[in-house]
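The residues making up each chain are set out below.
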Amino acid sequence: DQQVKQNSPSLSVQEGRISILNCDYTNSMFDYFLWYKKYPAEGPTFLISISSIKDKNEDGRFTVFLNKSAKHLSLHIVPSQPGDSAVYFCAASPRFISSGSARQLTFGSGTQLTVLP
Amino acid sequence: GAGVSQSPSNKVTEKGKDVELRCDPISGHTALYWYRQSLGQGLEFLIYFQGNSAPDKSGLPSDRFSAERTGGSVSTLTIQRTQQEDSAVYLCASSLVAAPYNEQFFGPGTRLTVL
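An account of the accompanying structure is given in this report. (Residues numbered from 1 in each chain as written. Chains lettered and ligands numbered in written order. Predicted model: local features only at pLDDT ≥ 70, side-chain atom pairs only at ≥ 80, totals over all residues. Heavy atoms only, no water.)

1. Details of the overall build of chain B
Part 1: For chain B, the helix and strand inventory stands at zero helices and 10 strands.
Part 2: Each principal axis of the C-alpha atoms in chain B carries an extent, and together these give about 40 × 25 × 25 Å.
Part 3: Out of the 115 residues in chain B, the part that is buried amounts to 48%.
Part 4: When the accessible area of chain B is evaluated, it comes to approximately 5,600 Å², of which 47% is carbon and sulfur surface.
Part 5: Distance between charge centroids for chain B: 4 Å, based on 10 positive and 11 negative side chains. (Helix = DSSP H or I, 4+ residues; strand = E, 2+ residues; numbered from the N terminus. Buried < 20%, exposed > 50% of the residue type's maximum accessible area, 1.4 Å probe, protein only. Areas by Shrake-Rupley, 256 points an atom, 1.4 Å probe, with all protein chains shown as cover. Lys, Arg positive; Asp, Glu negative; His and termini not counted. Charge placed at Lys NZ, Arg CZ, Asp CG, Glu CD.)

2. Some points on the side chain of Lys37 of chain A
Residue and element names in this part refer to chain A.
Part 1: As for its placement among the helices and strands, Lys37 is situated in strand β4 (residues 30–38).
Part 2: Here Lys37 sits buried without a salt bridge, and the closest side chain of opposite charge, Asp84, lies 4.1 Å off (N-O distance).
Part 3: Looking at Lys37, its side chain comes within polar contact range of the side chain of Tyr39, at 2.9 Å.
Part 4: In this structure, Lys37 is in contact with Gly43, Pro44, Thr45, Gly83, Asp84, Ala86, Val87 and Tyr88, ignoring residues within four places of it in sequence. (Salt bridge = Lys/Arg side-chain N within 4 Å of Asp/Glu carboxyl O. Polar contact = N/O pair within 3.5 Å; in protein donor to acceptor, adjacent residues only side chain to side chain. Contact = heavy atoms within 4.5 Å.)

3. Section: the nonpolar core
Part 1: In this structure, Phe33, Trp35, Leu73, Leu75 and Tyr88 of chain A are the most contacted members of the largest nonpolar core, which totals 23 residues.
Part 2: A total of four residues in this core trace back to one element, the largest contributor, which is strand β9 (residues 86–94) of chain A.
Part 3: Every residue in contact with Phe33 of chain A, bar those within four places of it in the chain, is listed here: Tyr25, Ile48, Ser49, Ile50, Leu66, Leu73, Ala91 and Ala92 of chain A.
Part 4: By size, the runner-up hydrophobic cluster in this structure holds 20 residues, among which are Val4, Trp34, Ile47 and Cys92 of chain B. (Core = buried A, V, L, I, M, F, W, Y, C linked by side-chain atoms within 4.5 Å.)

Structure representation (structure tokens):
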């Protein structure tokens, strides 16, 4: 059972428009959420994160929104640029219980974003 | 500074053979993770090392999988008697574990193909 779901495997957007990538989760213990971006033949790179105590975090063209009641988060990219074309992974982490606990990330299956020039 | 490096970048092996995958984390990062990404899937957690603590092996799919981390730095993931379903990209990540959250830095991965 997938605890983090990205239901759209792909998304195409025109350059300059807004890209909205969605992610849903089921585990109530998740309290930290991250977005990673992955280019072909490279490892994922961290993009932006949000704690459950917030409902919005903004960094330049990237904004992440968190709706805890709906267990839903989204990544907005505006304006979208061709260089944003990549696979975007949503990831979630549970509450930090103790120093010995793993902070493993649970990832969604990714959304391939294509920004058309 | 150097990021996380992994070797080999590609590995093709025959079913039943053993393979070893290597990860060099970022210097000073005390936490090290192994994940794998099968075709069309998200990243699946395998194992986690933190300092000198016992590793969290909860994600290892079978006892054919094992990993060690020598000297708190380099890690090796070993898959014994490989099966075709082991074919995937194996990703290593490292992080500092002092912050309240966990930004993990990933290597480029090793693409394993089991024929």
